[in-house]
Amino acid sequence: MKRKTFITLSSTLMAAPIISPFERMFQNKKLKNWSGNLEYSTDKVFYPQSVEAIQKLVKAHDKYKALGTRHCFNRIADSKDNLISMTEMNKVVSLDEKEQTVTVEGGIKYGILAPHLDEKGFALHNLASLPHISVAGSIATATHGSGVGNGNLATAVTALELVIPDGSVVHFSKNKDGENFLAAVVGLGALGFVTKVTLHVEPTYMVKQNVFVKLPMTQLKDHFNEIVSAGYSVSLFTDWQSDSINEVWIKRRDDGTSKNMEAQFYGAKAATKNLHPIAELSAENCTEQLGVAGKWYERLPHFKMGFTPSSGVELQSEYFIPQVNAVDAIFAIQRLGKQIGPHLFISEIRTIAADDLWMSPCRHQASVALHFTWKQEWDSVQKLLPLIEKELEPYKARPHWGKLFTMSPKVLTSRYEKLEDFKKMVEMYDPKGQMRNEFLNTNIFST
Ligand SMILES: Cc1cc2nc3c(=O)[nH]c(=O)nc-3n(C[C@H](O)[C@H](O)[C@H](O)COP(=O)(O)OP(=O)(O)OC[C@H]3O[C@@H](n4cnc5c(N)ncnc54)[C@H](O)[C@@H]3O)c2cc1C
């Protein structure tokens, strides 16, 4: 632990009433989310270290919310009453080499799990742009990476263990629980506290990452599917300010025999040094590029563990549309370039394979995600989001659950065919609404 963090924690601890070593509580200081754009509404934050401690907490309090690594940009993780941070439930529980699964506590970060898995000869199918996020918090919001053949991170889940508000422990398994399992995985933090997650793993692999600059929009228009299929994971970064995509990041799995990429890629030129998606920022924080082979977890995310991902002080929004509509949707947003430009750091375009998880934005739909990393200028951004949502309306865009959107609950309901069933499921596991917060009441339960 860094000295400064230790001192902050120690002084907070001294100011706070201690309940027990296993359900520590820090009070008197409200936490903010990672980007600092919002402060959570309570200063009561508990840090349980065991299932039993969570069971005690849910019995002792009426209302509460699970908190992961605080990387969401909206109030999905907020509570006016009690926050139960899962960050100290962070261990690898077991690796089943025969079944190819790993079981972890929900609060573990991908960046801690990944090297552990790799050491044992295993890997996950994909990672998000950053490794700093918790497994349970990521699957709760259907967090994703890129790749036409890669489902979001929640698609790797094969089993879950939750503590629900009545204090009991429930299990969901892909093999045994059918639709209930599909309902629980992208759970929006609404069903209970995810204490354990079992993930499918595969033999470890290497990845080479190449970046190309200035891909003409005309090429994108004519060859979109070929471009996004040119690697295991492909990301397109654009600021919508020119007739080119600024950077194309191609991550290819490498068995030691793959050839180097050509110097040209659909009219884009190979970068000659490591780049940051926001060209002006130092690439020091970014994973190695230039086609140098590296471990899967050191190439699939764009940003390195131990370094600040993305820009830092920012806002994010993201919308999922069917891949078949990608070119039309991209050109629709390009037409808003002048309005968007002054408030944007960068946009990223990624693909995600279809899945069957009830609340996943990619349910039954091979998807393209249009992402926006905004400057922290909410007054302006909140006026731009409705314009973007209107442009994407023909494609029935679904927003990322952890990012900022302005779509009405009625529109959301119309875009999630399983939303009504999901509500019933939540009512079964949390009949008194003890895990509900304003975000869930507004976006899920108000229609
Ligand atoms: C710099 C940056 C880059 C990002 N890149 C990507 C990206 O590449 N792809 C992408 O899809 N998203 C991305 N995101 C968004 C991020 O992945 C999601 O917001 C994700 O949910 C963050 O996980 P978390 O643990 O921080 O969740 P939190 O914000 O802490 O919580 C999110 C939700 O999960 C619930 N929750 C957390 N832990 C538990 C638990 N144990 N049990 C039950 N519920 C729980 C909370 O109640 C809440 O509803 C990025 C965010 C940032 C800040």
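Residues numbered from 1 in each chain as written. Predicted model: local features only at pLDDT ≥ 70, side-chain atom pairs only at ≥ 80, totals over all residues. Heavy atoms only, no water.

Trainee: Just checking my understanding: could you explain the confidence of the model for the protein for this structure?
Mentor: Close inspection of predicted coordinates is inappropriate for parts of the model with low pLDDT. For the protein, mean pLDDT is 93; residues scoring 70 or higher make up 93% of the total. Counting contacts from residues 1-19, a segment whose pLDDT is below 50, to residues more than four positions away or on other chains yields 15 contacts. (pLDDT = per-residue confidence, 0-100. Contact = heavy atoms within 4.5 Å.)

Trainee: Looking at this structure, how should I read the pairing of strand β8 (residues 157-163)?
Mentor: A regular strand carries its side chains on alternate faces of the sheet. For β8, the buried fraction is high: six of the seven residues fall into the buried class. Judged from the six bridges that link them, β8 and strand β10 (residues 193-200) form a sheet pairing that is antiparallel. Considered in β10, the bridge of V157 is made with L199. Where β8 and strand β9 (residues 169-173) come together, five bridges link them in antiparallel fashion. If you follow L160 over to β9, its bridge partner there is F172. A loop of five residues connects β8 with β9, the two strands running antiparallel in sequence, and G167 in this loop sits at a positive phi of about 95°. (Buried < 20%, exposed > 50% of the residue type's maximum accessible area, 1.4 Å probe, protein only. Helix = DSSP H or I, 4+ residues; strand = E, 2+ residues; numbered from the N terminus. Pairing = 2+ DSSP bridges.)

Trainee: How should I be thinking about empty space enclosed by the protein in this particular structure?
Mentor: In this approach the atoms are scanned with a rolling probe the size of a water molecule, which exposes any empty space left behind. Applying the stated criterion across every chain, the model contains two cavities of 30 Å³ or more. In this structure, the second largest cavity occupies an estimated 40 Å³ of space. Lining the second largest cavity we find 13 residues, and of these L127, G145, S146, L300 and H302 sit closest to its centre. Of all the elements in the fold, those that place two or more residues in the lining of the second largest cavity are β13 (233-238) and β19 (344-352). (1 Å grid on protein atoms, 1.4 Å probe; cavity = no way out; pocket = protein on both sides within 12 Å on 5 of 7 lines; lining within 4 Å. Points joined across faces, edges and corners; volume = space filled by probe spheres on them.)

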